[in-house]
Amino acid sequence: MKWDIFLAPYSQAVDELKIKLKGMRKQFDYESRHSPIEFVTGRVKPITSIVDKAKRREIPIPKIEEEVQDIAGLRVVCPFVDDIYEVVEMIQHRNDFEIVEEKDYIEKNKESGYRSYHVIIRYPVQTIHGEKKILAEVQIRTLAMNFWAINEHSLNYKYSGQIPSDIKNRLKRAAEAAFRLDEEMSKIRQEIREAQQFFRQKKEH
């Protein structure tokens, strides 16, 4: 497996999708409207992580392309829970890629407490050999969900996926606390949006 050649289209897809998703955010700014997107990040999964995942799921190397859905990963972080579903709707209405699968881990969170909305897309990359359609995963979550997920990921890495039960329980409680924070902030989101609009107008004058 020549990994640099294999991963090149994924890297291109991440770069292009970051520009497109950030472009959505800018359009709200141009119209002086509340943006449901706080920020966008993206990455190509490291080779070691791809190989580890393939081994865990008993995926043969030739089938990695079709069965590992998150080699190209984008993350869209939103201020409020409602914003997540607004972003999902915007993604659903785009015609520059095809949606393969959607996973709502907000309505039904994972056992660990993880919450996020995943959209698996098939994205066409233009290469020197013609068009190549690759799978990419777009994760949409709030700032609180993102904070929790980053720390859970670090702990998973530290303990090689075997997080001690006492820390697991604390993580679950932290996930619930993060979601309660999201719920409370959602109740005053109109006040927050008006405050943000006020500061934006003040800066412009």
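Scroll up to find the structure.
An account of the accompanying structure is given in this report. Source: prediction; values computed, not measured.

What counts and how
- Residues numbered from 1 in each chain as written.
- Predicted model: local features only at pLDDT ≥ 70, side-chain atom pairs only at ≥ 80, totals over all residues.
- Heavy atoms only, no water.
- Patch = residues over 30% accessible without salt bridge, like charges linked within 9 Å, V, L, I, M, F, W, Y side chains within 5 Å.
- Areas by Shrake-Rupley, 256 points an atom, 1.4 Å probe, with all protein chains shown as cover.
- Salt bridge = Lys/Arg side-chain N within 4 Å of Asp/Glu carboxyl O.
- Helix = DSSP H or I, 4+ residues; strand = E, 2+ residues; numbered from the N terminus.
- Buried < 20%, exposed > 50% of the residue type's maximum accessible area, 1.4 Å probe, protein only.
- Pairing = 2+ DSSP bridges.

On the surface, a cluster of nonpolar side chains totalling about 250 Å² of accessible area is made up of Leu 181, Met 185 and Ile 188. With respect to the helices, strands and loops of the structure, Leu 181 is situated in helix 6 (residues 165-187). You can call Leu 181 partly exposed: its relative accessible area is 46%.

Inspection of the entire model under this criterion finds 13 salt bridges. Of the charged contacts, one joins Asp 96 and Arg 94 as a salt bridge, the two residues approaching to 2.9 Å between their closest N and O atoms. A relative accessible area of 24% places Arg 94 in the partly exposed class. The salt bridge involving Lys 172 is made with Glu 111; its shortest N-O contact spans 3.6 Å. Remark: Glu 111 occurs in the loop between strand 3 (98-104) and strand 4 (117-127) and Lys 172 occurs in helix 6; sequence separation between them is 61 residues. Ionic contacts of the salt-bridge type, sharing partners, join the residues Lys 20, Arg 94 and Asp 96 into one network.

So, on to the pairing of strand 5 (residues 130-142). For strand 2 (residues 72-78) and strand 5, the ladder comprises seven bridges, and the chain directions are parallel. Each bridged residue has a counterpart across the sheet, and for Leu 74 the counterpart in strand 5 is Val 138. Two strands pair when backbone bridges link them, and strand 4 and strand 5 are joined in this way by 11 bridges, in the antiparallel orientation. Counted as the bridge partner of Gln 126 is Glu 131 from strand 5. Joining the antiparallel neighbours strand 4 and strand 5 is a turn of two residues.

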